[in-house]
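# Report on the structure
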2 protein chains.
Amino acid sequence: MLLDEIRERVLKGDQRAIARAATLVENRHATQLLRELFPHTGKALVIGITGAPGAGKSTFASQLTRVLRAESKRVGVIAVDPTSPYSGGAILGDRIRMLEHYSDSGVFIRSMATRGWLGGLAPAAADMTVLFDAAGCDVIIVETVGVGQDEVEIAKLADVTLVVLTPNAGDDVQALKAGIMEIADVFVLNKSDLDGADKLERELKASFTLSHRPDGWTPLVVRTVAGEGKGIAEALNAVREYEATGLGKRKGGEVWAVRLREMLRERLLERYDPTVFERAARAVVNHETDPYTVIEELLGQQ
Amino acid sequence: MLLDEIRERVLKGDQRAIARAATLVENRHATQLLRELFPHTGKALVIGITGAPGAGKSTFASQLTRVLRAESKRVGVIAVDPTSPYSGGAILGDRIRMLEHYSDSGVFIRSMATRGWLGGLAPAAADMTVLFDAAGCDVIIVETVGVGQDEVEIAKLADVTLVVLTPNAGDDVQALKAGIMEIADVFVLNKSDLDGADKLERELKASFTLSHRPDGWTPLVVRTVAGEGKGIAEALNAVREYEATGLGKRKGGEVWAVRLREMLRERLLERYDPTVFERAARAVVNHETDPYTVIEELLGQQ
């Protein structure tokens, strides 16, 4: 397929063309395509889902997809997994929970690997939302495994961010506050049939009275048992309640400012031969030079 | 104090000069000073400590400092805390546990704030280790609260990385594997008098047999009860066992390559007027342009 053909077929929602385009996006060869697709975006609602490992995010995402499909919505799912810095492979075990949706032509699913501890949420994930949006998705679910910075970076991608918590999982509300608490527009209290759910809900709500978000939003708390499909519709209602305030779109401006900085940073570094850094690092380790001098020299080259 | 005086006094380990220099480092005004200090570095052992909130990292760090002081080692402690993106303040509650060391002239302590979900571990933290190293620290402990990417980024700063785990705290070994498991040179199994400690230790050790690190190192597991000072000397022995292999220093080269890239990225972006990104973001949100065209234009300016 030529680029023009891919673009036209993507805009019609053709699964095969979308898969081809997604591969281009993941390999960072899609700038021209994305530029042409961008004018066709802006319709999809991007829902970010994060939370600690084992909280049931994938099960929840799969159930949410089911509810949206019952409404005949077109759904994109982007599952972002951390890559092992040693093995190089992504941890895709959880993806099995999305299996029921793979044969549905109204659902696009893409698993992406982040670069482990050397990178954050792949910049490619942001571009993937552009692709799925242009392809006609009404809702795009971006799910991260919640290891490392991905957990909070999701707020840079999503119109609305859901944080999935479970009772008695070491989710100390006070301790989580700084990172996770502040990105959550909606808390999904999953496995809420377990002991400790009432306590966690109480602590969460108490924390809202202690610190206020400058946008005036008080996060909603929804209780679910994702494994049994309970509370999913209520979670979707909470998402829509937040969406209706227009706060998500306002946040969009701030988020794009951050994303543009990251995109530019990535491109500026591409101007340097990657081996430069390994050579310079050896010189620094051997104390033949110092890092501050190295940086001045590299800056002088551009 | 003039810069020359600060430098000379820092090299003599003068607490007041170090505090002044640390402020310069934190405000990113210390490039010249750091360049002059760098040749005097390379003697300190940098120990990174991370783990989930509530695992007892601060108590462990304080106890470790006590053991090192009993050996007359000079100790630097850098506590990295996430900043709230909303309040702008750092979460410094845990620092209270270091109080006993504040009056000790052989201990330098600095709390630093990261920039919340918009930044990772402050690049300033790396420069702070340079400062403390030049000031004559034998050991520098860098502790992060373990929210977001800081948790794994610590491996970029430290010669040896300790991950503090506790039984029954939702620390599912399989789930943690991708991010945390692979940066741990030593696991500190804290609160090991609690139920579940044996099980956690067993699971940890089983996981080592499933995946091997390319450097051939099998992480050590040390059981501690930091609150009672138990197991601290054993943890320090484990650190030294790892150090003796020379693997930490080899890792140093890779780590510097990553850090140089980050330093360069930061400096390259400084060439742009920061308001550019806000203006461009508004244009993108309003679909007056697309992000890919914006980036090409910005690249063309340099």
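Quick note: structure is the one above.
Residues numbered from 1 in each chain as written. Chains lettered and ligands numbered in written order. Predicted model: local features only at pLDDT ≥ 70, side-chain atom pairs only at ≥ 80, totals over all residues. Heavy atoms only, no water.

### Describing the packing of helix H11 (residues 275-285) of chain A against helix H12 (residues 291-300) of chain A
All names here are of chain A. What counts, and what does not: Under this scheme, a helix contributes an axis fitted over its contacting stretch, all axes are lines through C-alpha atoms, and angles between N-to-C directions fall in the 0 to 180 degree range. Note on conventions: DSSP H or I runs of at least 4 residues are helices, E runs of at least 2 residues are strands, and numbering of each starts at the N terminus. Roughly parallel refers to an angle under 35 degrees, roughly antiparallel to one over 145, roughly perpendicular to one between 65 and 115, and oblique to any angle outside these ranges. By definition, turning the near helix anticlockwise from the far helix through less than a right angle yields a left-handed crossing, and turning it clockwise yields a right-handed one. Only heavy atoms enter the contact rule, under which two residues are in contact if any of them lie within 4.5 Å. Nonpolar residues are Ala, Val, Leu, Ile, Met, Phe, Trp, Tyr, Cys and Pro. Charged residues are Asp, Glu, Lys and Arg, and all others, Gly as well, are polar.
Running from N to C, H11 and H12 cross one another at 150°; their axes reach a closest spacing of 10 Å. The angle between the axes of H11 and H12 places the two elements in the roughly antiparallel class. In this structure, H11 crosses over H12, and the sense of that crossing is right-handed. Residues Val276, Phe277, Ala280 and Val284 of H11 lie in contact with H12, whose contacting residues are Pro291, Val294 and Leu298. Residues belonging to the contact of H11 with H12 are distributed by class as follows: seven nonpolar, no polar and no charged.

### As for the pairing of strand E7 (residues 220-223) of chain A
All names here are of chain A. Heads up, the condition is: Strand pairing is defined by DSSP finding a minimum of two bridges between the two strands. When the strands point away from the viewer, a crossover counts as right-handed if the path from the first strand over the helix to the second runs clockwise.
Pairing between strand E6 (residues 186-189) and E7: four bridges, direction parallel. For Val188, the partnering residue across the bridge sits in E7 and is Val222. Taken together, E6, helix H8 (residues 197-210) and E7 constitute a β-α-β crossover, and its handedness is right-handed.

### A word on the environment of A:Gly54
Residue and element names in this part refer to chain A. What counts, and what does not: The buried label applies to any residue whose accessible area, calculated with a 1.4 Å probe on protein chains only, is under 20% of its type's maximum; exposed applies above 50%, and partly exposed to all values in between.
Along the polypeptide, Gly54 turns up in the loop between strand E1 (45-51) and helix H4 (57-70). On the basis of relative accessibility, which here comes to 54%, the residue Gly54 falls in the exposed class. Between the C-alpha atom of Gly54 and that of Ser111, which follows or precedes it by 57 residues, the distance is 18 Å.

### A look at the pattern of salt bridges
It is possible for side chains of opposite charge to pair when their charged atoms get near one another. What counts, and what does not: One side-chain nitrogen of Lys or Arg within 4 Å of one carboxyl oxygen of Asp or Glu is enough to make a salt bridge.
On inspection of all chains with the given rule, the structure shows 28 salt bridges over all chains. Between A:Arg7 and A:Asp4 there is a salt bridge, with the nearest N and O atoms lying 3.2 Å from each other. Highlighted residues: A:Arg7 and A:Asp4, both in helix H1 (residues 3-11), separated by three residues, approximately one helical turn. The partner of B:Glu5 in a salt bridge is B:Arg9, and the shortest N-O contact between them spans 2.5 Å. Of this pair, B:Glu5 and B:Arg9 both sit in helix H1 (residues 3-11), four residues apart, roughly one helical turn. Residue class for B:Glu5 comes out partly exposed when judged on its relative accessible area of 34%. When salt bridges that share partners are traced, they join A:Asp4, A:Arg7, A:Glu8 and A:Glu36 into one network.

### Notes on unusual backbone geometry
Of note, A:Lys191 is a non-glycine position whose phi angle comes to about 50°, a positive value. Residue position: A:Lys191 is located in the loop between E6 and H8.

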